[in-house]
Amino acid sequence: MSTLEADAMREITYCDALREALREEMLRDDRVFLLGEDVGKHWHGAFKVSRGLAEEFGEERVRDTPISESAIVGAAIGAAITGMRPIAEIMFGDLSTLAMDQIANQAAKIRYMFGGQTAVPMVVRMPFGAGASVAAHHSQSLEAWFMHVPGLLVAVPSTPYDAKGLLKTAIRNDNPVMFFEHKLLYGMKGSVPEDEYLVPFGEADVKRSGKDVTIVATLFMVHKALAAAEALAKDGVSVEVIDPRTLTPLDTETIVNSVKKTGRVVIVTEGCRTAGVGAEVAAILAEEAIDYLDAPIKRVAEPDTPIPFSPVLENFVIPDEKKIIKAVKDVL
Amino acid sequence: METYPLLEKEKLKELYRKMLEIRRFEDTVFELFGKNLIPGTIHLYAGEEAVAVGVCANLRKDDYITSTHRGHGHCIAKGAQLKRIMAEIFGKKTGYCKGKGGSMHIADFSVGMLGATAVVGAGIPIATGAGLSIKLRGTDQAAACFFGDGASNQGTFHEGINLAATWSLPVIYVCENNLYAMGTSQSAVMRIKDVADRASSYGIPGVTVDGNDVLAVYNAANEAIKRARAGKGPTLLECKTYRRRGHSRFDPATYRPEEEAEAWLKRDPLPRFRTQLLETAALTLEEITRVEEAVSAAVEAAVQFAMESPYPTPEEALDDVYA
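Residues numbered from 1 in each chain as written. Chains lettered and ligands numbered in written order. Predicted model: local features only at pLDDT ≥ 70, side-chain atom pairs only at ≥ 80, totals over all residues. Heavy atoms only, no water.

Comments concerning the domain arrangement of chain A
Residues and elements named next belong to chain A.
- Partitioning chain A into domains gives domain 1 (3-191) and domain 2 (205-331).
- Each of domain 1 and domain 2 has a C-alpha centre, and the two are 26 Å apart.
- Tallying the contact residues gives 31 residues for domain 1 and 28 residues for domain 2.
- Both faces combined, the contact of domain 1 with domain 2 buries some 2,300 Å², and carbon together with sulfur accounts for 64% of it.
- Per-residue buried area on domain 1 facing domain 2 is highest for Ser133, Met147 and Val156; these three make up 24% of the total on that side.
- In this structure, Asp162 and Arg245 form a salt bridge, with 2.9 Å as the shortest nitrogen-oxygen distance.
- Counting every contact that joins domain 1 to domain 2 gives 13 residue pairs in polar contact (both at pLDDT 80 or more).
- Elements that contribute at least two residues to the side of domain 1 that touches domain 2 include exactly α6 (143-147), β6 (153-155), α7 (160-172) and β7 (176-182).
- A per-class count over the side of domain 1 that touches domain 2 returns 20 nonpolar, nine polar and two charged. (Domains from an automatic or database assignment. Contact = heavy atoms within 4.5 Å. Buried area = accessible area lost by both parts, 1.4 Å probe. Salt bridge = Lys/Arg side-chain N within 4 Å of Asp/Glu carboxyl O. Polar contact = N/O pair within 3.5 Å; in protein donor to acceptor, adjacent residues only side chain to side chain. Helix = DSSP H or I, 4+ residues; strand = E, 2+ residues; numbered from the N terminus. Nonpolar A, V, L, I, M, F, W, Y, C, P; charged D, E, K, R; others polar.)

So this is what it looks like as structure tokens:
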């Protein structure tokens with residue numbers, strides 16, 4: 001079921017949806033616990049995702065840590081390979097750099113290096129993304145880095161429905177999952193069923209059906225792409241918007257089939273353009289669908305700069321509806 | 001000679017046997033490498049046997065250890081099989097990691113050996129996590145984390161030990177101080193002589209022992225592990241020791257002053273312990289000889305097993321990326 005079909009349900013925020021996923025999985029499985037900076041009862045996470053959890057589950061299972069990202073992730077790994085299912089929160093995705101060895105060399109490789117003797121069932125949750133005027137150290141979109149590391153899974157929810165369903169799947173998955181939460185989405189409301197559900201990894205969601213051009217978009221860009229599609233519809237252009245929902249595994253089939261149908265594609269992501277998520281999607285389409293393309297593949301992404309502070313500068317670099325509409329018109 | 005609480009005869013024999021297994025294993029690996037039978041590089045534990053053996057003799061099978069690029073000794077001391085370690089070093093399918101890890105990445109989860117990392121210091125927070133898991137599961141297990149003097153200058157040392165200290169986790173952090181981080185002497189990269197001094201920054205005990213004296217290591221580790229199991233938190237145990245050879249197979253270790261090397265090699269933990277066992281009449285010469293023969297046979301059998309084992313098929317490179 002896609003988000004669009006879920007309109008008969010109650011509406012909750014992305015933040016609440018994530019919290020429900022954490023709470024339900026902690027109730028379901030004693031091995032699940034949280035650790036991170038200020039995730040406990042005094043702060044509940046920088047974006048309040050863990051509100052109420054320390055109160056409900058106690059400080060043993062919702063653990064405030066020192067400001068030690070390597071130790072947060074390393075401790076999660078050690079716990080994961082000895083029978084627990086940790087969820088580590090890195091306060092901002094940018095700070096994953098401080099834990100990069102533990103993520104990319106240890107969590108990702110432990111299963112492989114040791115010949116499959118163990119698995120590393122853990123989730124690293126990270127708020128990330130631009131648009132909040134918090135400048136270069138709190139705004140990056142680093143999903144592409146983690147797509148380049150075999151052994152990691154990468155989840156990128158764009159709606160409350162997907163956020164809850166993907167996080168529950170991530171917690172139950174036996175691999176290390178890098179879970180990206182866009183900071184501008186936390187307050188966004190959407191339909192989420194009362195009953196339990198999971199969103200499987202590797203299944204893209206068609207957020208809007210169309211026949212003239214495909215837009216592949218992730219995270220906050222899904223909403224900008226949907227707005228662009230709405231505007232283009234008024235000009236008689238029918239846009240299909242595909243949200244991969246996980247980047248590893250990537251549902252190439254849904255993307256390729258859509259492009260075979262429309263013959264035109266625009267890929268919209270945050271994160272700088274060079275060697276970004278869009279580059280990989282474009283390469284796959286060049287390999288698997290080039291004969292169906294009626295126009296060159298177009299990418300809309302951030303330029304190759306750090307994220308600047310001043311709203312005037314920041315708005316210039318983040319892809320917006322206008323840039324998406326222009327790109328679609330370019331390929332028509 | 002210092003006196004120690006008396007250990008049972010079988011325990012003393014076990015300590016000697018394990019140390020000798022490591023020494024013979026490493027000497028054999030050194031020779032086989034010279035004959036081009038082993039790919040890559042190797043970092044030998046020879047000279048440091050008393051540390052791994054003295055610590056692991058206090059651990060149960062369900063206790064955990066984490067290890068380093070110089071990790072063969074840790075595997076053997078924790079109870080992994082010689083033949084499967086050797087096969088892994090040969091890159092064979094029957095090795096512990098099916099040929100994917102090699103000398104620097106051996107693990108045996110069936111005996112609580114959580115793996116060797118070749119990133120200096122990276123195992124420290126992972127051992128902390130194993131301690132956290134023990135605490136959350138409420139068992140009386142313990143974890144021992146092996147690393148070198150070089151690793152004690154990594155950020156992970158500070159982060160990992162501080163976290164374990166803060167949460168009183170059942171981990172002992174064992175610094176094998178062999179005085180050199182590859183070719184760089186300790187005095188060139190720190191102002192302190194004893195790495196154990198750093199323990200005070202974390203509010204935990206720091207203990208320095210002669211790492212070439214297996215009974216000294218055994219006793220210090222015994223106390224630290226008892227403390228850990230009792231919920232009193234971690235200990236930083238520094239064991240002063242010395243590599244018999246260079247950092248890796250190709251390193252003649254010319255940066256070590258001759259006098260220093262001579263003095264340390266005279267304190268080789270193996271002949272030292274052997275003499276001690278004989279002088280205190282803990283074991284007879286005949287008993288020692290029997291241990292030595294058994295160890296030689298076991299190492300020989302390990303080599304034969306590794307030599308005769310098949311390589312993995314090339315396509316197996318694609319397996320085990322994801323669970």
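Side note on the pairing of strand β11 (residues 239-243) of chain A
Residues and elements named next belong to chain A.
- Within β11, five of the five residues are buried, leaving the element largely enclosed by the surrounding structure.
- Where burial is concerned, the two faces of β11 agree: the one with Val239, Val241 and Asp243 and the one with Glu240 and Ile242 are both buried.
- Where strand β9 (residues 205-208) lies against β11, three bridges are found, and the strand directions are antiparallel. What sits directly across from Arg208, in β11, is Val241.
- Alignment of strand β10 (residues 213-217) against β11, held across four bridges, turns out to be parallel. Residue Ile215 lies in a different strand from β11, and its bridge partner there is Val241.
- Since β10 and β11 lie parallel, the crossover through helix α8 (residues 220-234) that links them has a hand, and here it is right-handed. (Buried < 20%, exposed > 50% of the residue type's maximum accessible area, 1.4 Å probe, protein only. Pairing = 2+ DSSP bridges. Right-handed = clockwise from strand over helix to strand, strands pointing away.)

Focus on the sheet that holds β9 of chain A
Residues and elements named next belong to chain A.
- Taking strand neighbours across the sheet as the criterion, the five strands line up as β9-β11-β10-β13-β14 in an open arrangement whose pairing is mixed. Across the chains shown, the open sheet's two edge strands, defined by having one partner strand only, are β9 and β14 (298-302). The mean inter-strand angle of the sheet, taken between neighbouring strand axes irrespective of direction, is 25°. (Axes fitted to C-alpha atoms, helices over the stretch in contact; angles between N-to-C directions.)

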